[in-house]
Amino acid sequence: MLFIWSGWGILVVPIVVGTAIIVGALAQISLQALGHPELAFLAFSLGLFAAAAVNWVVGRRLNSTPPRKLIDPATNEHVVLTRRHALFWIRMEYWSAPVVLAAFVPLLALRNL
């Protein structure tokens, strides 16, 4: 698979996957300890919600750095340099929206319970 990113935008993939796995596993262990192993889909959904939150915070922090303002010595014009952190031309924090939507998919199984 081909990934196109700028800055630290590639971090979207390990942040979302890693956080979803870790939080989902901890939630699954907690549900089993409480005697509800049949609610495994809730652990997966909770992991995705946590992954979206972590990705939003990291993306906002990385993309909120102030731009550098320079003066071109040849023309005396102001040049503003900004650093974008994006994956597939979408800023990091905006990748949290599809992750949240994916987190709602397992919750649709609640209708069948």
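Before reading on, note that the structure itself is shown above.
Definitions and limits used
Residues numbered from 1 in each chain as written. Predicted model: local features only at pLDDT ≥ 70, side-chain atom pairs only at ≥ 80, totals over all residues. Heavy atoms only, no water. 1 Å grid on protein atoms, 1.4 Å probe; cavity = no way out; pocket = protein on both sides within 12 Å on 5 of 7 lines; lining within 4 Å. Points joined across faces, edges and corners; volume = space filled by probe spheres on them. Helix = DSSP H or I, 4+ residues; strand = E, 2+ residues; numbered from the N terminus. Nonpolar A, V, L, I, M, F, W, Y, C, P; charged D, E, K, R; others polar. Pairing = 2+ DSSP bridges. Axes fitted to C-alpha atoms, helices over the stretch in contact; angles between N-to-C directions. Left-handed = near helix turned anticlockwise from the far one by under 90°. Contact = heavy atoms within 4.5 Å. Phe/Tyr/Trp six-rings, centres within 6.5 Å; stacked < 30°, edge-to-face > 60°. Buried < 20%, exposed > 50% of the residue type's maximum accessible area, 1.4 Å probe, protein only.

Enquirer: Which parts of the structure should I look at to understand the layout of surface pockets?
Expert: Empty space among the atoms can be located by rolling a probe the size of a water molecule over them. Put simply, the largest pocket is a space of about 160 Å³. Taken together, Val 12, Val 13, Val 16, Val 17, Leu 87, Trp 95 and Val 99 make up the lining of the largest pocket. Ranked by residues supplied to the lining of the largest pocket, first place goes to helix H1 (residues 12-33) with four residues. Across the lining of the largest pocket, the residue classes break down as seven nonpolar, no polar and no charged.

Enquirer: Would you take a moment to explain the sheet that holds strand S5 (residues 90-91) for this structure?
Expert: Within a sheet, adjacent strands bond to each other through the backbone by hydrogen bonds, running parallel or antiparallel. The strand order across the open sheet built from three strands is S1-S4-S5, with neighbouring strands paired in antiparallel fashion. Bordering the open sheet on either side are strand S1 (5-6) and S5, each of which pairs with just one other strand. Across two bridges, the pairing between S1 and strand S4 (residues 86-87) is antiparallel. Note that in S4 the partner of Trp 5 across the bridge is Leu 87.

Enquirer: I'm lost on the pairing of strand S2 (residues 68-71) in this one. Help?
Expert: Looking along a regular strand, one sees side chains alternate from face to face of the sheet. Taken together, the four bridges between S2 and strand S3 (residues 78-81) define a ladder with antiparallel strand orientation. Bridging across to S3, Ile 71 finds its partner in His 78. In this structure, the hairpin formed by S2 and S3 is closed by a connection of six residues, where Asn 76 is found at a positive phi of approximately 60°.

Enquirer: I tried to follow the packing of H1 against helix H2 (residues 40-63) on my own but got confused; where do I start?
Expert: For any two helices packed against each other, the geometry is given by the interaxial angle and the distance between the axes. Closest axis-to-axis distance for the H1/H2 pair is 7 Å, and the angle between their directions is 145°. When you trace H1 past H2, the crossing you get is right-handed. Side by side, H1 and H2 meet where Val 12, Ile 15, Val 16, Thr 19, Ala 20, Val 23, Gly 24, Ala 27, Gln 28 and Leu 31 of the first sit next to Ala 40, Leu 42, Ala 43, Leu 46, Gly 47, Leu 48, Ala 50, Ala 51, Val 54, Asn 55 and Val 58 of the second.

Enquirer: When you look at the packing of aromatic side chains in this model, what are you seeing that I'm missing?
Expert: The geometry of an aromatic ring pair comes down to the distance between the two centres and the angle between the two planes. Counting across every chain of the model gives two aromatic pairs. Arranged with centres 5.3 Å apart and planes meeting at 85°, the rings of Phe 49 and Phe 104 form a pair that is edge-to-face. With a gap of 55 residues between them, Phe 49 in helix H2 and Phe 104 in helix H3 (residues 96-107) connect regions that are remote in the sequence. What makes Phe 49 partly exposed here is its relative accessible area of 28%. Among the residues examined, Phe 104 registers a relative accessible area of 43% and is labelled partly exposed. Both rings, one in Trp 56 and one in Tyr 94, keep their centres 6.4 Å apart while their planes meet at 55°; by these two values the pair is tilted. Here Trp 56, found in helix H2, pairs with Tyr 94, found in the loop between S5 and H3; they are 38 residues apart in sequence, far enough to count as distant. Overall, the relative accessible area of 38% leaves Trp 56 in the partly exposed class.

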